[in-house]
Every structure is written in C-alpha cells, then in structure tokens.
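Reading the structure
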Amino acid sequence: MRVPGTFFLSRRLAEGLEEGALTQLANVATLPGILRCSLGMPDIHWGYGFPIGGVAAFDEEEGVISPGGVGFDINCGVRMITTPLTVTDIPDMKGLIEDLFATVPTGVGSKSPVRLSQNDLSNVLTDGAANAVELGYGMEGDVRRCEENGAMPGAELEFVSKKARARGIPQCGTLGSGNHFLEVQAIDEIPDPATAKTFGVAEGQICVMIHCGSRGLGHQVCTDHLKVLEEAVKKYGIDLPDRQLACAPLHSPEGEAYFGAMAASANYAWANRQIITHLVRELFVKRFGIAYEEMPLVYDVAHNVAKWEEHETADAAAGRRRVCVHRKGATRAFGPGRSEIVQEFRDAGQPVIIPGSMGTSSYLLAGTTTAMERTFGSTCHGAGRVQSRSSAKRSLTGAAVAEDLAKRGIIVRAPNAAAIAEEAPDVYKPSSEVVQVVHDAGISRIVARFRPLGVIKG
DNA sequence: ATGTCC
C-alpha cells in the first residue's frame, strides 16, 4: 500500500464490514499516484475492483484513472424535486403510483417516450441537462441546481462507441432496474430548519426522488474502455493486485479517452434524470392541477464519477492543486464557500441527497469544511447492500415484501416480483445509521428526513 | 448497474 486506508464506520457497521470490501480498499491504496488515503464511507461494500462507497484522489502527474473507481453505471445519481402538496392532498397514493409507473418507463431494456436523433444524442453527450431543457424537458433554474450544472466539461464524443450510442438513443428518459427507483416521499423531520429553508424544503411537504444513471450507454462505455485499459496496464507496466483495477495514467491517450467517454456518459445521465423529471412534473400538473413551476429541483448529485477538482493535499504548503477524485458510490459534499456550489446555497454548503432503501427514510444533508479537509469533499451515497440479489431472491418473495410494505403504508410497483424481492429493505443497511456516521464524523450534516409513501422500481 | 453471454 502506498497510502493508508481510512474508514468512516460505527461500531455496528464495522462488525458487518465485508472482508472483500476491506481487501478492495487496500488494493486501491496500491495504485500509482493515490493521494493521502484510500477512503471508505459507512455504506462501503464489495464492488467491481474498487469498493462501492469508496473515494480516492490521484495526482495529476503520477496518478491513474480507472473505470473500476467509477462503476459500470456512470453518473448513477439522485435528484429531488419538491411539490406544493402535503399528504392529505394525495388521498389515492396507489392511483398516483400506478400513473407514475405508466408514465416513467422502468425495467431492463425499457424504451423512452422521448426519441432522440443522433444529433440530439451528440448534444446531450456534450451539454447534459441543459440540452434536455433546451429540447423542452425542464424549466429555468433546473440546470444550476445540478452538480456541475448538469454537464461535466471534457466530454469527447469520438470515444463513445457506435454501440454505446445505439443503446443510448432509445433509453434517454428511462429509469432502469436494480436499485434505481422513483419515490414519492413526505418530509417528516427537520433537524436543521435554517438550512432546510435555504434549500427550499419544509415539514410535511411531498417530494419526489429520482435515482437512476446512464443506462445501457454508460454500461457500454465502461465495457469498451475496460478492454482498452486492461491492455494499457501491460503497456505502462502498472503492477496491479487485481485486474479489475484496470487503469491508465491520467494523461495517457487511453486514460484521456476513458475520461472523455465517461464525461459524455455522465452528461447523458443528467439529461436522463432531467427528462424523467419533466415526465413527473407533467403528470402532477395533470393529476393535481398544480403549476409545472411549483415543482422546483432542490438538487441533483452524482454518485459514480471521476472528476478534476481543486483540493488541499498532504503538502499544505503547496496549497490547493488539481487532482482527479474518483467517487464510486459516494457523493460530493463540498463545504460552504466553494465556488462550484450554486450561489443561493454557497454559504450553507452543497445539498447532499442520500436515498434510503425501499421502505426506509431518505435524507437531505449539507456538505462541510470537514469533508474538504478529510475526504476530498465527499460523503456516503446510500444505505449499502448487506445481502446479494441472488440470496435475497432465495429467502424472500416479492409478494411478501410488497405486502409487508403495504402494512406500513408504502405502495410499491415494479414490472416483476423478483425486482421487489432483490430490493427488500432487509437486504440493505439502515439508512439512518449510515447517515448518522457521516453526520457524527462531520463530513456532512443532516438537514431533513424523508418518509417513503410510494415507489416505482425497475 | 447491464439488450444480466455475440
């Protein structure tokens, strides 16, 4: 190991820490040019190469970039929109969830009601959420409420394969499957009323949370570039403890190609969440007679991405410098004052959105100065799985899980029963515990809690 | 996560 590994865990979460995730955190610490430490958030678990819930920053000259440090679902992320409604305004939650299920395409291989041309796709890959708004799927203010204003600089379209493009064309505006979801929630606790007011959320308010990523396009980009980078490992003589850590020097042709394609995929994911947001707003307008403008975006965060950022490193005398931060199942949590944060939130710190598992609370937090000092401005991303999909399917049935949730007043709708069993609340760590760890460690602070009312799953 | 094996 070139640097130490650092975990953020409670005693209880430490007891459940997987051996595999621990090994992976140590493996990441062997990579060339890694700075300070290999970081594990409290939702850490075993992933492809890097652990999910892992953060690692790399030196511009000595460091590498690795698809394993981003994940297959490039810019999987989450956004939250508010509504002017409260629980009593939605007497028929089941009807609303059915309507949402009919409106937002879910599941593997689902097709979007929006059909992008090849030219539209090129614009989406370059401009992200802004292009979706330009095409008519959004409103003034949406873009600046996204991390990176909904588009990463540095997208290079020539490194996105024809095959990736072909998969992306029909899928922009679809939810996907697995842990992706769209949930109707009510705010039930506000530990930090002042920041909640700044972020525009209030107790009792109905909100909609959207969790999805770059679909088949991002997956194809990851697959394509892993092949190239596996060869690059040999070419550059990089000694790896695990071939899943395939990587290349940041400024090598192979590393830059992956970065350009990853940035384009991240932009696609922002456009995807933007189009879904539009579909949801239109449905709420029709169903509840509210105005489209009454459903503003609170914020949109990326959970799976590598980015160039300015950070202090171990050599404090050198001041801030440009480093490449890999966040895989981790959220940027920039503290007060950072210029990257939209002006109206800059004094409060960046909004951080942490989804719970199906049936457990989600949270809105704020980034902190401590995060800037200790975690390259990063925090956790969610509950974190404790049981595999196959194991969940063996021990649970979708019908039983749905019935259990219904008893607790939570409506769930998915294309098939297996999708529900795989995502049962019991197969995840409790979101409350994960969020408490990052709050207590000071790497973000809890602002508001959201209770689930109804959810659609892929 | 993923047209869950071109």
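Look up: the structure comes first, before these words.
Residues numbered from 1 in each chain as written. Chains lettered and ligands numbered in written order. Predicted model: local features only at pLDDT ≥ 70, side-chain atom pairs only at ≥ 80, totals over all residues. Heavy atoms only, no water.

Points about the overall build of chain A
When you go through chain A residue by residue, the secondary structure sums to 14 helices and 17 strands. Over its C-alpha trace chain A gives a radius of gyration of 20 Å, about what one expects of a compact globule, namely 23 Å for 458 residues. Overall size of chain A, expressed as C-alpha extent along the three principal axes, is 60 × 50 × 50 Å. The proportion of buried residues among the 458 residues of chain A is 62%. Looking at chain A alone, contacts between residues at least 24 apart form 79% of all its contacts between residues at least 6 apart. (Helix = DSSP H or I, 4+ residues; strand = E, 2+ residues; numbered from the N terminus. Rg over C-alpha atoms; globule rule 2.2 N^0.38 Å. Buried < 20%, exposed > 50% of the residue type's maximum accessible area, 1.4 Å probe, protein only. Contact = heavy atoms within 4.5 Å.)

Some details on the pattern of salt bridges
Counted by the stated rule, this structure contains 27 salt bridges. Measuring nitrogen to oxygen at the nearest pair gives 2.9 Å for the salt bridge that ties Arg-327 to Glu-309. Residue Arg-327 is located in strand E11 (residues 320-328), and its partner Glu-309 is located in strand E10 (residues 304-312); the two are separated by 18 residues in the primary sequence. Accessibility classification places Arg-327 together with Glu-309 in one group, the buried group. A salt bridge links Arg-389 to Glu-422, with the nearest nitrogen and oxygen atoms 3.0 Å apart. Placement of the pair is Arg-389 in helix H11 (residues 389-395) and Glu-422 in the loop between helix H13 (417-421) and helix H14 (431-441), with a sequence separation of 33 residues. With relative accessibility at 29%, the residue Arg-389 sits in the partly exposed group. Owing to a relative accessible area of 14%, Glu-422 belongs among the buried residues under this scheme. (Salt bridge = Lys/Arg side-chain N within 4 Å of Asp/Glu carboxyl O.)

Re the protein's contact with DNA strand B
The immediate surroundings of DNA strand B are formed by 14 residues, with Arg-167, Ser-177, Gly-178, Asn-179 and Arg-215 found nearest. Across the atoms of DNA strand B situated within 4 Å of the protein, the share located in sugar and phosphate is 56%. The side chain of Ser-177 places a nitrogen or oxygen atom 2.7 Å from a phosphate oxygen of DNA strand B. Within the side chain of Arg-215, an N or O atom sits 2.6 Å from a phosphate oxygen of DNA strand B. Sorting elements by how many residues they give to the surface near DNA strand B places helix H8 (residues 215-235) first, with three residues. A per-class count over the surface near DNA strand B returns two nonpolar, eight polar and four charged. (Near = heavy atom within 4 Å. Polar contact = N/O pair within 3.5 Å; in protein donor to acceptor, adjacent residues only side chain to side chain. Nonpolar A, V, L, I, M, F, W, Y, C, P; charged D, E, K, R; others polar.)

A word on the nonpolar core
Counting 82 residues, the largest nonpolar core has Leu-31, Leu-100, Leu-182, Met-262, Val-280 and Phe-284 as its most contacted members. No other element matches the 16 residues that helix H9 (residues 253-288) contributes to this core. Leu-364, Val-401, Val-447 and Ala-448 belong to the second-largest nonpolar core, a separate cluster that totals 39 residues. (Core = buried A, V, L, I, M, F, W, Y, C linked by side-chain atoms within 4.5 Å.)

Quick look at the sheet that holds E10
Overall, mixed pairing links the five strands, which are arranged E1-E2-E3-E11-E10 in an open sheet. Two strands in the sheet have a free side with no partner beyond their single neighbour: strand E1 (5-7) and E10. On average, adjacent strands in this sheet sit at an angle of 25° to one another, irrespective of strand direction. Bridge count between E10 and E11: nine bridges; the pairing is antiparallel. Along E11, the bridge assignment pairs Lys-307 with Val-325. Running over the sheet, helix H2 (residues 19-28) touches E1, strand E2 (38-45) and strand E3 (52-59) and is turned about 155° from E2. (Pairing = 2+ DSSP bridges. Axes fitted to C-alpha atoms, helices over the stretch in contact; angles between N-to-C directions.)

Quick look at the packing of aromatic side chains
Under the defined criterion, the tally for this structure stands at four aromatic pairs. Judged by centre distance (5.2 Å) and plane angle (45°), the ring pair of Phe-284 and Phe-288 falls under tilted. One end of the pair is Phe-284 and the other is Phe-288, both in helix H9 and four residues apart, which spans about a single turn. Ring pairing ties together the aromatic residues Phe-199, Tyr-299 and Phe-345, which thus form one cluster. Cation over ring: Arg-322 sits above Trp-308, and NZ or CZ is 4.2 Å from the ring centre. Note that Arg-332 overlies the ring of Phe-334, its terminal NZ or CZ placed 4.4 Å from the centroid. (Phe/Tyr/Trp six-rings, centres within 6.5 Å; stacked < 30°, edge-to-face > 60°. Lys NZ or Arg CZ within 6 Å of the ring centre and 35° of its normal.)

Describing the packing of H8 against H9
Running from amino to carboxyl end, H8 crosses H9 at an angle of 170°, the nearest separation of the two axes being 10 Å. If you check the angle between H8 and H9, you find them roughly antiparallel. The way H8 lies across H9 gives a crossing that is left-handed. Contact residues: Arg-215, Leu-217, Gly-218, Val-221, His-225, Val-228, Leu-229, Ala-232 and Lys-235 in H8; Glu-254, Gly-255, Ala-257, Tyr-258, Ala-261, Met-262, Ser-265, Tyr-268 and Asn-272 in H9. Looking at the contact of H8 with H9 residue by residue, the classes come out as 10 nonpolar, five polar and three charged. (Parallel < 35°, antiparallel > 145°, perpendicular 65-115°, else oblique. Left-handed = near helix turned anticlockwise from the far one by under 90°.)

Some remarks on the environment of Leu-283
Structurally, Leu-283 is set in helix H9. The spacing of Leu-283 and Thr-88 is 195 residues in sequence and 18 Å in space, taken between C-alpha atoms.

Observations regarding unusual backbone geometry
If you check the backbone angles, Arg-36 has positive phi at about 65° while not being a glycine. Position of Arg-36 among the secondary structure elements: in the loop between H2 and E2. In this structure, Asn-75 is a non-glycine residue whose phi angle is positive, near 50°. Secondary-structure assignment places Asn-75 in the loop between strand E4 (64-65) and strand E5 (77-86).

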